[in-house]
Every structure is written in C-alpha cells, then in structure tokens.
Amino acid sequence: MEFAGMTVVDAHIHQWDPMTTPREFSALAKLFRYVPVPIDWATRLAPRRDREFAGDPTPVMHPYLPRDYQTDAGDVPVEAIVHIEVEWVGNGPLGPVDETRWVASLPWGVDTPALGAIMGAADPTAPEFAELLDAHQAASPRFRGVRSRVEYHPDRDVRATRKTPGTLTSAAFLNGFGALADRGLTFEAWVYSGQLPEVTALAERYPDTTIVLNHLATPAGIFGPVGRETGKTPGQRRELFLRWRDDLTALAAHPNVVSKVSGLMMPILGHPVPRRGEPTPVPVLVERISPMLEHALDVFGADRLIWGSNFPVDKPITSIPNAANAVATALAGHGADDKAIEQVFRRNAERIYGLDML
C-alpha cells in the first residue's frame, strides 16, 4: 500500500548505544566487540528464552541511532517518532531520567524525523516514583509518560521481567500510579496477553488516565511454538487467540485505552526467523496478522489504534516498509478507508502524545 500524500508518525521505536550508555545488554555487546567470536555461533550458548525473544541478536549488539532509523524507514514518509524506553540501567533510583536526556540530545530533525515524544522508564512501586516523574518532565519538554517493566508469562521459558503475576493490580503499583494520574501523564503498557485482565482493572481504577496498550498485548506463540509449552499445536494457538480476543474486547470497552498495532512481527509471537537481509514477504505477514488486526479494528475503532514499527526489535522478521504495508493492507482489507488509515498512522499519535509540532 502506498502512503501517497500522507506523512507518518512512527509511535514506537527504540534508540540505543550499548557501547556508551548503560543497557541490560551492554556487557554482551562489548564482549562481542572485543572478542573475535561470530555472533551466530556465540548466541547458541544464550538461554532459549533470549534467543526466541530476539530472533537475531545482531540489532542489539550495535548502536541504533537516528541515522540508522532513517535508513531503515526507507520509503515510508515518517515525519516524527515516539521513543519508548529500552532497558536503561544504573545510576541510582533516578537513573532512568538519564535516558530521557540522552534521547532528547540525539540529532533528530537533521535529515531524520522529528522527535515527537519520549516515554521514559519508571516503576510505580518505587518510593521515588513521583520524584522520578518530575525529573523526567524537567529533562525534556517532549516527555509524555512512562512504560514500566511489568511483563509476566506463566511459561518460564518465555522471556519476561516479572516472575509472578499480578503486578498491575498490586496495592503498591496502584497507589504509586496515582502520582502519574495526578500529573496527567500517559502510561505505556507492555504486557503478555494473559495480563490483559490486569490492564483492564487498571483502566477501570484510573478512568481519566490514558493507557496505551503496546503490541496488541503480545500473545506469545500465536504464530508458532515458543518457550517450553506455548503455542505448540494448532489447537493451543487457537485457544490462545480466542482468549486474547475476548480479553481485548473487555479492555477496549474502556475509552481511556488505546492500542498500538505494533510489535506484530516480534519473534516471540512465533514467527519463523528468515535469513538475515531477507525480510518476510508482505503477503505472508498480512495472512498472519489480519485476524488480530481485524478484531482490534472492530473493538477499538480506527480512532483508538496507533501504528509503530517497534524497530529495531522487529528487524529480524521484517523491514519498516514491509511492516507498515502489511498493517495498512490488513486494515484496508477489513474496510478501513484512507481517512481511517491516516488516523492509525498519524492523527491518533498526534492526539495521544500531544505532537503539536506537526
């Protein structure tokens, strides 16, 4: 599908330099830089949960900066991006604000898209949560809210931060979340699909706070087997889809929730990883993702869906042009007209993230 006459907001990208900034994967990236061991060989020693999540570890082993993104965007007319936090570590309780400062300092708008908004990292259960929110806001006028590491999966061989369920509905999380609500900030929710009822409970508890569901809740294994026992059979994948469908319907009933049609090419969904440099063809992607996108369009409507490339995390499976075309094609195939496509690929992000420069 062509984006003629329309510019795009990519509402979900990541930037990093593991050599000069403190990331959870910085030590591994530095090891591969200084030890002459092929990445393909060495990563066979990594835990299966990490291999299945990343697909191909090459993107996280190297810096990914505005110029790299611009190259990957190709002919997709991206005018602005929204940066989402990514595994920044260190420097004490207020350390995550350093990522906001770093992202704001990158050369955006210099033959690259504009920096539209920054979603920083913060944990509502932390005693310093309110102080950290204020520090983020002071660090950049583009700061709009936070994403917290709350993802949990019952299959221990599926990569996740949390070891137990219920974080989003815990008293500590809900009490801290009030500080975000009081400041009128947005919460970015990346969860696995089994956590959708928790997101629904959060949306009900804070009906005036905008919650952005990342990646349609990442139903791990919906396209193929991952982990120890997830998505192993067509029957299991069908059951996973049906539960995801029903839980997403319940969440969409809350008008303060919008969802990103992003991350649909993450390897953890069960996509076969193609050879490096040979992205999955668009018709194959459309066939896989259409049932999810059709349901999302039905329950959220075109005015509560936002596109994001999730690059470079999705890079092992697809390219940005292929990902954008697959999503647009699937939506159009379910009745979305040009106005609806523009809402998903631009207008909704402008509204949700306050992109007043566009």
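Our subject is the structure listed above.
All of the points below concern the structure found in this document.

About the thresholds
- Residues numbered from 1 in each chain as written.
- Predicted model: local features only at pLDDT ≥ 70, side-chain atom pairs only at ≥ 80, totals over all residues.
- Heavy atoms only, no water.
- Helix = DSSP H or I, 4+ residues; strand = E, 2+ residues; numbered from the N terminus.
- Rg over C-alpha atoms; globule rule 2.2 N^0.38 Å.
- Buried < 20%, exposed > 50% of the residue type's maximum accessible area, 1.4 Å probe, protein only.
- Contact = heavy atoms within 4.5 Å.
- Areas by Shrake-Rupley, 256 points an atom, 1.4 Å probe, with all protein chains shown as cover.
- Salt bridge = Lys/Arg side-chain N within 4 Å of Asp/Glu carboxyl O.
- Core = buried A, V, L, I, M, F, W, Y, C linked by side-chain atoms within 4.5 Å.
- Phe/Tyr/Trp six-rings, centres within 6.5 Å; stacked < 30°, edge-to-face > 60°.
- Pairing = 2+ DSSP bridges.
- Right-handed = clockwise from strand over helix to strand, strands pointing away.
- Bend = angle between axes of the 7 residues up to and from the residue.
- Expected span 1.5 Å × (residues − 1).

With that settled, consider the overall build of the protein chain. Looking only at helices and strands, the protein chain has twelve helices and eight strands in total. On C-alpha atoms alone, the protein chain measures out to a radius of gyration of 19 Å, which is about the 21 Å that the 2.2 N^0.38 rule sets for 358 residues. If you line up the protein chain on its principal axes, its C-alpha atoms span 50 × 45 × 45 Å. Per-residue burial for the protein chain yields a buried fraction of 58% across its 358 residues. Considering only contacts within the protein chain whose residues lie at least 6 apart along the sequence, 80% involve residues at least 24 apart. Summed over its atoms, the accessible surface of the protein chain is roughly 14,400 Å², and 52% of this surface lies on carbon and sulfur atoms.

Attention now moves to the pattern of salt bridges. Pairs may arise between side chains of opposite charge once their charged atoms sit close together. Counting across every chain of the model gives 15 salt bridges. A salt bridge links R346 to E79, with the nearest nitrogen and oxygen atoms 2.8 Å apart. You can see R346 sitting in helix 12 (residues 338–353) and its partner E79 sitting in strand 2 (residues 78–84), a full 267 residues away along the chain. Here R346 falls in the buried class, since its relative accessible area comes to 7%. Residue E79 is classed as partly exposed on the basis of its relative accessible area, which comes to 30%. Between E151 and R149 there is a salt bridge; the shortest N-O distance is 3.3 Å. Each member of the salt-bridge network shares a partner with another, and the members are E79, E342, R346, R347 and E350.

On to the environment of P197, then. You can see P197 is positioned in helix 8 (residues 196–205). Residue class for P197 comes out partly exposed when judged on its relative accessible area of 40%. P197 sits 54 residues away from L251 along the chain, and the two C-alpha atoms are 7.4 Å apart.

Glancing now at the nonpolar core. Ranked by size, the top nonpolar core spans 97 residues in total, and within it F187, L202, L216, L293, W307 and F345 carry the most contacts. With nine residues, helix 10 (residues 282–300) is the largest single contributor of residues to this core. Residues within four places of W307 in sequence aside, it is in contact with V8, V9, D10, A11, V261, I320, A323, A324, V327, V344 and F345. Within the second largest apolar cluster, 13 residues are counted, among which are V82, V212, V258 and I306.

By convention here, two paired aromatic rings are described through the distance between centres and the angle between planes. Throughout the structure, instances matching the rule amount to eight aromatic pairs. On the basis of an interplanar angle of 25 degrees and a centroid distance of 5.9 Å, the ring pair of F173 and F177 is categorised as stacked. Here F177 and F173 lie together in helix 7 (residues 171–182), a separation of four residues that amounts to about one turn. With respect to burial, F173 and F177 carry one shared label: buried. One aromatic cluster in this structure is built from F173, F177, F187 and Y206.

This part is about the pairing of strand 2. The buried fraction of strand 2 is high, at six of seven residues. Sheet analysis places strand 1 (residues 8–13) next to strand 2, joined by four bridges and oriented parallel. When the sheet's bridge partners are listed, D10 is paired in strand 2 with I81. The pairing of strand 2 with strand 3 (residues 114–121) spans five bridges and is parallel. Bridge pairing in strand 3 links I81 to L115. You can see the chain leave strand 2, run along helix 5 (residues 97–105) and come back into strand 3, and the turn it takes is right-handed.

On to unusual backbone geometry, then. Residues other than glycine predominantly adopt negative phi, and peptide bonds predominantly adopt the trans conformation. The peptide bond linking F311 to P312 adopts the cis configuration, its omega dihedral lying at 5 degrees. Despite not being glycine, N310 has its phi angle at roughly 55 degrees, a positive value. Secondary-structure assignment places N310 in the loop between strand 8 (305–307) and helix 11 (320–333).

A word on helix 10. Considering bend angle alone, the principal kink of helix 10 is centred on I289 and spans about 50 degrees; proline P291 follows within four residues of it. Structurally, helix 10 contributes buried residues whose contacts are with helix 9 (234–252), strand 7 (257–261), strand 8 and helix 11.

What follows is about helix 7. In this model, helix 7 (twelve residues) spans 17 Å end to end at C-alpha, consistent with the 16 Å of a helix rising 1.5 Å per residue. Restricting attention to buried positions, one finds in helix 7 the residues F173, L174, G176, F177, G178, A179 and L180. Residue G184 follows helix 7 closely and has a positive phi angle near 70 degrees.

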